[in-house]
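Coordinate analysis (summary)
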Amino acid sequence: TALIREYNPDFLGIGFPSDAIDGAAAIARSARSLNKGLKVIVGGIHPSARPRETIGIPDFDILVQGEGEATTMDLVDALTKGRRLKDVRGIFYKSNGKVVRTDPRPEIDDLDAIPFDNRDLLIGLEQYPMSALGQIHTSRGCPHACAYCSSSIVWKRKVRFRSAENVMAEIEYLHARHGISDLNFADDNFTSDQTRVAAICDGILKRRLKVRWRCCSRPDIHQHIGQDVLRLMRKAGCTQICIGFESGDQVLLDNVDRRVRVNDNEKV
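Residues numbered from 1 in each chain as written. Predicted model: local features only at pLDDT ≥ 70, side-chain atom pairs only at ≥ 80, totals over all residues. Heavy atoms only, no water.

1. Details of the state of the cysteines
A disulfide bridge is the covalent bond that connects two cysteines by way of their sulfur atoms. Test applied: The disulfide criterion is simple: two cysteine sulfur atoms within 2.5 Å.
Tallied over the entire structure, the rule returns zero disulfides. In this structure Cys 201 is not part of a disulfide, and its nearest cysteine sulfur, from Cys 238, lies 7.5 Å away.

So this is what it looks like as structure tokens:
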């Protein structure tokens, strides 16, 4: 509430997963009590997965479904210029007591065109741990559709990659601007393209950047990443690969459509 009073914003954006929906609703309700004209815009994992249920919450005004950069820019432009909301693609909103869904917005093909996250805009930047500021998404999406995962809902099972050069530019920015050397590649499956992984590793080594980093992979990593690339990753500063074994029971793995075998877990 102190921040709402201080900034007195026209718009409040809230992104959240399913287990935070009650907290998000409480934030919106509290903010609205201080500013009756505030427009509350929600997005992220849960709103994208359950849009009609989410937009039904009284203090949520507009919902951005899926990828938010272009949609949010278009939406704010429409709200500030008095354009019709129905012309903004990729949103849900309420009109005369009814939920309106606009046409879906296509995904951004060129991820290199999206600016880096501007950490300088974070309120209370000095309170964030370096490990949080060093989180980088170098791709979006996963070709799989595991039952418990939101990736196939948000990204539509389409994998898009940032170029190695673009990833290196963000690493250098973080290193030079914020002194960050502890990185987390937060992709669903960072190792899905070993050629690109090798290019990123080569870029780190060529620039002699002293960084430590970790990433995530699937239990079938041994099917598409060779020992030579694993050694290159280690040389370039990789200290940890988080592998989603999920279960040692094949029936459970099959029930959630994991598409791996227990012996994949054993091999990796």
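2. Details of the pairing of strand β10 (residues 212–217)
The following threshold applies: Accessible area is worked out with a 1.4 Å probe on protein chains only. A residue is then buried under 20% of its type maximum, exposed over 50%, and partly exposed in between. A run of DSSP states H or I qualifies as a helix once it reaches four residues; a run of E qualifies as a strand once it reaches two. Both are numbered from the N-terminal end. A pair of strands is treated as paired once DSSP finds two or more bridges between them. Classification remark: right-handed applies to a crossover when, strands pointing away from the viewer, the course from the first strand over the helix to the second runs clockwise.
Residues Trp 213, Cys 215 and Ser 217 of β10 are buried on one face, while the alternating residues Arg 212, Arg 214 and Cys 216, pointing to the opposite face, are not. Of the pairings in the sheet, the one linking strand β9 (residues 182–185) to β10 comprises three bridges and is parallel in character. For Asn 184, the partnering residue across the bridge sits in β10 and is Arg 214. The β-α-β motif built from β9, the intervening helix α9 (residues 194–206) and the parallel element β10 has right-handed crossover chirality. Relative to strand β11 (residues 238–243), β10 runs parallel, the two sharing five bridges. Residue pairing in the sheet places Ser 217 in a bridge with Ile 243 of β11. With respect to chirality, the unit in which β10 leads through helix α10 (residues 227–235) into the neighbouring parallel β11 is right-handed.

3. Points about the packing of α9 against α10
Filter applied, for reference: Here the axes come from fitting lines to C-alpha atoms, over the contacting stretch only for helices, and the angles between their N-to-C directions go from 0 to 180 degrees. We call two directions roughly parallel when the angle between them is under 35 degrees, roughly antiparallel when it is over 145, roughly perpendicular when it lies between 65 and 115, and oblique otherwise. Each helix crossing is assigned a hand: it is left-handed if the near helix lies turned anticlockwise from the far helix by less than a right angle, otherwise right-handed if that turn is clockwise. Any two residues whose heavy atoms approach within 4.5 Å at even a single point are treated as in contact. Under the grouping applied here, Gly and all other residues not named as nonpolar or charged are polar, the nonpolar ones being Ala, Val, Leu, Ile, Met, Phe, Trp, Tyr, Cys and Pro and the charged ones Asp, Glu, Lys and Arg.
The contact between α9 and α10 brings their axes to 9 Å, and the two run at 30°. Taken as axis vectors, α9 and α10 run roughly parallel relative to one another. Judged by the sense of rotation from one axis to the other, the crossing of α9 with α10 is left-handed. Across from Gln 194, Val 197, Ala 198, Cys 201, Asp 202 and Leu 205 in α9, the residues of α10 making contact are Val 229, Leu 232, Met 233 and Lys 235. Of the residues belonging to the contact of α9 with α10, the class tally is seven nonpolar, one polar and two charged.

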